[in-house]
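Summary of structural features
Each chain, written out:
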Amino acid sequence: MTIATTLPDARGRFGTYGGRYVPEVLIPALDELAEAWAELRADAGFRAELARLSETFVGRPTPMTRADRLSARLGYEIWLKREDLAHTGAHKINNALGQALLAKRLGKERIIAETGAGMHGVATATACALLGLPCVVYMGEEDTRRQAPNVSRMELLGAEVVPVTAGSRTLKEAVNEALRDWAASVRTTHYIIGSVVGPHPFPVLVRDLQRVIGDEARPQFSGATGGADPDVVTACVGGGSNAIGMFTAFVGTPGIRLIGVEAGGRGSRLGEHCSSLTQGHPGILHGAMSYLLQDDDGQVARTHSISAGLDYPGVGPEHAYLRDAGLAEYVSASDEDALDGFQALSGSEGIIPALEPAHVIGWLLHRPLEPGTSVLVCLSGRGDKDLDTVRASLRIS
Amino acid sequence: MGRLEDALRARRDSGGHAFVPYVTGGYPGVDAGLLHRLAAAGADAIEIGIPFSDPVMDGGVIQEASAEALRAGVRPGDVLATIREAAIEAPVAVMTYVNPVVRHGISSFLDEAVAAGVAGVIVPDLPVDESSELGRESAARGVDAVLLAAPGTREERMAEIGRRSRGFVYCVATYGVTGARDRVEGTAGVVVAALRPHTDLPLLVGVGIGTPAQAAEVCAFADGAVVGSALMHRIVGGDVEGAIQLASAFRRAIPS
Ligand SMILES: Cc1ncc(COP(=O)(O)O)c(C=O)c1O
């Protein structure tokens with residue numbers, strides 16, 4: 001058994017990280033959720049229902065594609081786990097669907113969610129449409145602008161999108177507002193958090209629902225390569241759910257490097273990037289202890305990234321644990337790298353990636369690994385939502 | 001037991017009920033003078049907020065006040081300086097979120113708070129199961145670390161909160177965040193009744209108390225009321241005089 005399945009402990013701790021730092025009013029719901037998940041994660045009926053929908057609705061398993069031309073150009077062997085081909089266009093549906101099914105089991109009548117890039121919002125709105133649950137999505141006003149197509153999609157799917165105007169008007173504020181809604185509505189409402197963040201049990205719940213990525217990819221890789229494991233497994237890290245989903249199947253395996261790529265934004269000063277694991281300090285945001293971008297007074301810092309889905313000052317507590325334990329490494333890639341990666345994958349592989357995983361491609365373009373390295377990349381989503389941003393940044397029309 | 005608990009027990013033992021106003025530290029107008037005037041208006045204790053960037057337990061008014069204070073560059077030390085300058089006799093409790101405390105270091109945060117004359121700390125996103133270090137370090141300095149209980153808190157947690165809290169137990173009146181409500185929810189009485197068998201601490205109700213009449217209503221079953229957004233609403237609107245008048249009206253309505 002890998003280490004990742006033995007943590008967190010009963011109090012939601014990954015070493016010193018994680019925990020439950022929330023107002024008391026949310027504790028009963030978190031207890032209820034933890035108890036329900038401890039049962040359902042092993043419940044044959046629940047697993048069968050989720051497996052059936054994953055196959056017939058989401059389109060799992062997603063394929064793995066060898067990126068031939070990019071591999072030739074860089075001197076690596078690059079394989080892409082195609083979460084962009086999951087229904088709604090990103091890995092977010094794995095979590096949203098699982099949690100929506102869980103909410104039904106809990107008898108909850110209403111769903112709330114936060115979203116940054118809009119992919120988690122779309123995935124949640126989709127799962128709610130499928131299961132007949134009313135859905136409210138909180139989204140920073142800035143993000144409603146830069147990810148406008150996803151606002152239209154959510155509305156078409158029947159969700160109410162509430163723009164959040166506090167602070168930097170991005171993902172952090174959307175989570176704040178969802179938590180405030182939940183404090184008032186917790187008896188009837190389930191909060192489908194969009195990443196491996198938040199108070200216990202969310203980091204473990206979301207990991208359990210996302211680990212399908214790596215659980216599929218590892219045998220796909222060995223099947224395609226005559227029984228080998230990749231040398232490097234890599235994914236972008238916002239809150240960290242696609243990365244944890246990919247890493248869990250590999251963590252603790254000697255000889256496999258796990259590398260998370262954070263958003264380096266436009267500079268290395270506080271406020272210019274989202275590199276919590278490489279630049280932050282331990283702190284508490286949204287209910288969990290983890291690495292956090294903050295000032296000396298413990299005020300949470302503003303952040304910047306070209307990709308709304310990575311534009312977050314915190315990161316899931318399990319990543320903080322993996323980092324400190326030396327079980328995973330973390331690097332960052334800039335806005336410019338992401339744009340380069342976006343174009344490289346589009347032009348050389350016929351795959352338009354979301355700006356979030358484009359950070360991984362952009363990082364690889366710098367040839368940071370030994371020639372000949374085999375690299376498994378989690379291509380967490382597709383890039384339709386980002387065309388306006390990319391066009392504006394590249395000044396093409 | 002610290003000065004905060006002493007004062008609130010004394011009020012209760014004399015047959016009265018406590019009035020505890022909350023103001024957001026560092027907001028323009030929230031200065032030593034204001035603390036004096038709240039004390040003069042009959043506050044048994046004063047709760048002063050150290051603004052935090054992500055106040056998830058707070059509704060619109062206190063969010064806005066906190067954001068404005070931070071925009072003006074207010075730091076935790078500035079709020080402590082205000083408390084020290086005011087040097088009022090009524091005990092002062094600081095209310096803030098866990099990250100500024102942990103970032104500063106729990107011990108040094110408390111040392112500086114004690115030096116400023118702080119008698120209590122309230123950290124709403126530090127529930128009882130995560131609060132042992134703050135509780136221990138506070139007790140070692142004679143500071144009362146106040147815990148919160150909420151609607152829906154299970155029986156065994158109520159007992160634990162009653163056992164571990166110091167100063168008083170902050171009974172959250174309603175599901176939701178701070179901000180004045182139209183009426184007192186039935187949940188306020190439920191929380192107080194659930195705690196009584198487990199503790200002899202004063203039980204104060206807060207969150208959502210908007211009018212003196214509502215404060216009087218909760219004092220039929222609780223030992224006092226904490227009033228925040230209703231006062232801050234006046235202050236944020238530029239009406240400090242109105243806030244003081246309202247505080248006096250709360251004091252008159254709460255049987256002393
Ligand atoms: C395609 C895609 N990848 C990655 C992320 C980042 O989230 P996480 O780090 O939880 O995978 C997002 C978030 O919106 C996303 O849309």
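1. A closer look at the pattern of salt bridges
- Tallied over the full model, the rule gives 52 salt bridges over all chains.
- When the shortest N-O distance is used, the salt bridge between A:K81 and A:E216 registers 2.7 Å. Pair noted here: A:K81 is in strand β4 (residues 77-82) and A:E216 is in helix α10 (residues 212-224), with a separation of 135 residues, a long-range link.
- On the basis of relative accessible area, A:K81 is assigned to the buried category, the value being 0%.
- Through salt bridges that share partners, B:E5, B:R9, B:R12, B:R196, B:D200 and B:D223 make up one connected network.

2. Details of helix α3 (residues 60-71) of chain B
All names here are of chain B.
- End to end, α3 covers 16 Å across 12 residues, agreeing with the expected 16 Å (1.5 Å per residue, within 8%).
- Where α3 is concerned, the buried positions are I62, Q63, A65, S66 and A69. All buried residues of α3 fall inside an arc of 165° around its axis, so they share one side.
- Of the residues flanking the end of α3, it is G73, one or two places downstream, whose phi is positive at about 90°.

3. Section: empty space enclosed by the protein
- Under the counting rule described, the total for this entry stands at 9 cavities of 30 Å³ or more.
- Reported here for the largest cavity is a volume of approximately 330 Å³.
- Along the wall of the largest cavity there are 30 residues; nearest its centre are A:H91, A:K92, A:L171, A:G194 and A:G309.
- Looking at the lining of the largest cavity, the elements with two or more residues in it are β5 (110-115), α5 (119-131), α8 (171-185) and α11 (241-247) of chain A.
- Of the residues that constitute the lining of the largest cavity, the class distribution is 11 nonpolar, 15 polar and 4 charged.
- Approximately 200 Å³ is the volume found for the second largest cavity.
- If you go around the second largest cavity, you meet 22 residues; those closest to its centre are B:E47, B:I62, B:Y170, B:T178 and B:V207.

4. Notes on the packing of helix α6 (residues 106-115) of chain B against helix α7 (residues 132-140) of chain B
All names here are of chain B.
- For the pair α6 and α7, the least separation of the axes is 10 Å and the interaxial angle reads 40°. Relative to α7, the element α6 lies oblique. Helix-helix and strand crossings are classified by hand; for α6 and α7 the assignment is right-handed. Where α6 abuts α7, its residues I106, S107 and L110 lie against E133, L134, E137 and S138.
- Residue classes in the contact of α6 with α7 are distributed as 3 nonpolar, 2 polar and 2 charged.

5. Thoughts on the interface of chain B and chain A
- With 35 residues of chain B in contact, the opposing surface of chain A contributes 36 residues.
- When the two sides are added together, the surface that chain B and chain A hide from each other amounts to roughly 3,000 Å², 50% of it contributed by carbon and sulfur.
- Where B:R103 meets A:D296, a salt bridge forms, and the shortest distance between an N and an O atom there is 3.8 Å.
- The tally of links from chain B across to chain A stands at 23 residue pairs in polar contact (both at pLDDT 80 or more).
- Take the side of chain B that touches chain A: its biggest share by element is 5 residues, from helix α5 (residues 98-104) of chain B.
- Looking at the side of chain B that touches chain A residue by residue, the classes come out as 20 nonpolar, 6 polar and 9 charged.

6. Topic: the site of the ligand
Residue and element names in this part refer to chain A.
- Close to the ligand lie 18 residues; S195, G238, G240, S241 and S380 are nearest.
- Note that an oxygen atom of the ligand is positioned 3.0 Å from one of the side-chain N or O atoms of K92.
- Separating an oxygen atom of the ligand from a backbone N or O atom of G239 is a distance of 3.2 Å.
- When isolated, the ligand has an accessible area of 380 Å², and the protein chains bury 98% of it.

7. A look at the environment of A:P371
Residue and element names in this part refer to chain A.
- You can see P371 is positioned in the loop between α15 (355-365) and β14 (374-379).
- Taking the relative accessible area as the measure of exposure, P371 reaches 69% and is therefore exposed.
- Aside from chain neighbours lying at most four places away, what touches P371 is G75 and Y76.

8. Some thoughts on the confidence of the model for chain B
- In this model, chain B carries a mean pLDDT of 97, and residues with pLDDT of at least 70 account for 100%.
- Across the predicted assembly, pTM comes out at 0.97 and ipTM at 0.96.

Conventions we followed
- Residues numbered from 1 in each chain as written.
- Chains lettered and ligands numbered in written order.
- Predicted model: local features only at pLDDT ≥ 70, side-chain atom pairs only at ≥ 80, totals over all residues.
- Heavy atoms only, no water.
- Salt bridge = Lys/Arg side-chain N within 4 Å of Asp/Glu carboxyl O.
- Helix = DSSP H or I, 4+ residues; strand = E, 2+ residues; numbered from the N terminus.
- Buried < 20%, exposed > 50% of the residue type's maximum accessible area, 1.4 Å probe, protein only.
- Expected span 1.5 Å × (residues − 1).
- Arc of directions from axis to C-beta.
- 1 Å grid on protein atoms, 1.4 Å probe; cavity = no way out; pocket = protein on both sides within 12 Å on 5 of 7 lines; lining within 4 Å.
- Points joined across faces, edges and corners; volume = space filled by probe spheres on them.
- Nonpolar A, V, L, I, M, F, W, Y, C, P; charged D, E, K, R; others polar.
- Axes fitted to C-alpha atoms, helices over the stretch in contact; angles between N-to-C directions.
- Parallel < 35°, antiparallel > 145°, perpendicular 65-115°, else oblique.
- Left-handed = near helix turned anticlockwise from the far one by under 90°.
- Contact = heavy atoms within 4.5 Å.
- Buried area = accessible area lost by both parts, 1.4 Å probe.
- Polar contact = N/O pair within 3.5 Å; in protein donor to acceptor, adjacent residues only side chain to side chain.
- Near = heavy atom within 4 Å.
- Areas by Shrake-Rupley, 256 points an atom, 1.4 Å probe, with all protein chains shown as cover.
- pLDDT = per-residue confidence, 0-100.

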